[in-house]
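Structural features, examined
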Amino acid sequence: MRHLGHRTAAFTFDDPPVHAEVGDRFCLTDTVDRQMGLYALRDGRVAAFAVHRSADPGRPEDARAALRHEYGSLGWLVPRALAACPPHSQVYYDQVAQADPPSWSRGRVVLVGDSCQAVSLLAGQGASLAVAGAYVLADQLAGARRVEEALRGYERLWRPVVRDRQRAARRTARWFVPATEGRLRVRRAALRLAALPGASRLAGLSPAGRRRPVLRQLAVASR
């Protein structure tokens, strides 16, 4: 695994006033080094998503205490979310990382999806890469004489695409959770720009890596 200098956590809690305040929006704090997002669930609960910068990839002994320590300085609805945070066993808490195994296959066993292609929550695209990678794998299995040969072909063709997306995620990590007030102001300006007609498409290209359509890459892989 390649640690990307962040930790993340998620949990759900019950708080009707927070649920009503959030409504049908996904709300994020706009802060340096850490951010928390809240969104209302249909069953009346509220889901919380948190991410902060940390060079330590380890997990705390008490996730709830760690969250209250890391995010206690944030305002708005965050104090209510932290007060309602469930015990350690009910909190998802992990490092933000990318999968980088030395090899994707051994014999007739192969890794697929996030087990070998994870780009991290900083870039998303995990489902898209998994589906496209499965297409390449199936095509290689259909055309190869031996399974082992197909698995090697799958990695040879698809790993460069995954590496490209992972590099893009690492480049954009500094904007996901800005480390300085200056970067935070730049991100705010970029988000305002993205709201302009036609600008959202351009803004969405940055975390996606080079402009090489996946369908075109699949066509090349199938030849």
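Throughout this description, residue numbers start from 1 for each chain and increase along the sequence as written. Restriction of local features to residues with pLDDT of at least 70 applies here, the model being predicted, together with a cutoff of 80 or more for giving and counting side-chain atom pairs; totals for whole chains, interfaces and linings are based on all residues. With hydrogens and water excluded, all non-hydrogen atoms of the structure serve as input to the side-chain values.

Below, the discussion takes up the pairing of strand β4 (residues 45-53). We call two strands paired when DSSP finds no fewer than two bridges between them. Strands here are runs of E lasting at least two residues and helices are runs of H or I lasting at least four, both read from the DSSP assignment and numbered beginning at the N terminus. Of the pairings in the sheet, the one linking strand β1 (residues 2-14) to β4 comprises 9 bridges and is antiparallel in character. Within β4, the position partnered with R7 by the bridge is H52.

Let us now look at the packing of aromatic side chains. Stacked, tilted and edge-to-face are the three classes assigned to paired rings of Phe, Tyr and Trp, where Trp is represented by its six-membered ring and a pair needs centres within 6.5 Å; plane angles under 30 degrees give stacked, over 60 edge-to-face, the rest tilted. Summed over all chains, the structure comprises 3 aromatic pairs. Both rings, one in F11 and one in F13, keep their centres 5.9 Å apart while their planes meet at 45 degrees; by these two values the pair is tilted. You'll find F11 and F13 in the same group, each marked buried. Only protein chains enter the calculation, and the probe is 1.4 Å; a residue is then buried if its accessible area is under 20% of its type maximum, exposed if over 50%, and partly exposed in between.

Put plainly, a pocket is an open set of points on a 1 Å grid over the protein atoms alone with protein on both sides within 12 Å along at least five of seven lines, a cavity is a set where a 1.4 Å probe fits but cannot get out, and a lining residue has an atom within 4 Å of a point. Grid points are joined across faces, edges and corners, and a volume is the space filled by probe spheres set on the points. Using the criterion set out here, one finds 1 cavity of 30 Å³ or more in the structure. Lining the largest cavity, in full, are A99, D100, P101, W104, C116, R159, V162, R163 and Q166. Examining the composition of the lining of the largest cavity, we find that 4 residues originate from one element, helix α6 (residues 147-176), more than from any other. When grouped by side-chain class, the residues that make up the lining of the largest cavity number 5 nonpolar, 1 polar and 3 charged. Basically, the charged four are Asp, Glu, Lys and Arg, the nonpolar ten are Ala, Val, Leu, Ile, Met, Phe, Trp, Tyr, Cys and Pro, and anything else, Gly included, counts as polar.

Residues forming no salt bridge and having over 30% relative accessible area are the ones grouped into patches, like charges within 9 Å of each other and nonpolar side chains (Val, Leu, Ile, Met, Phe, Trp, Tyr) within 5 Å. Throughout, the Shrake-Rupley method with a 1.4 Å probe supplies accessible areas, and for residues the shown protein chains are the sole cover considered. Only one rule defines a salt bridge in this text: a Lys or Arg side-chain nitrogen within 4 Å of an Asp or Glu carboxyl oxygen. A residue counts as positive if it is Lys or Arg and as negative if it is Asp or Glu; His and the chain ends are not included. Taken as the charge centre is NZ of Lys, CZ of Arg, CG of Asp or CD of Glu, depending on the residue. Judged by side-chain charge, R163, R167, R170 and R171 come together as a positively charged surface patch. Among the secondary structure elements, R171 is positioned in helix α6. Among the residues examined, R171 registers a relative accessible area of 44% and is labelled partly exposed.

Another point: the nonpolar core. Counting 23 residues, the largest nonpolar core has F11, F13, V18, M36, L38, L67 and Y71 as its most contacted members. Secondary structure elements with two or more residues in this core: β1, α1 (16-22), β3 (34-40), β4, α2 (63-71) and α3 (78-83). Top element by residues in this core is α2. It accounts for 4 residues. Contact definition: two residues touch when any of their heavy atoms are within 4.5 Å. Those residues in contact with F11 that lie beyond four places of it in its chain are V46, A47, A48, L67, A81, C85, P86, Q90 and V91. With 14 residues, the next largest nonpolar core counts W104, V119, L129 and V136 among its residues. Nonpolar core, defined: a set of buried Ala, Val, Leu, Ile, Met, Phe, Trp, Tyr and Cys residues in which side-chain atoms within 4.5 Å join the residues together.

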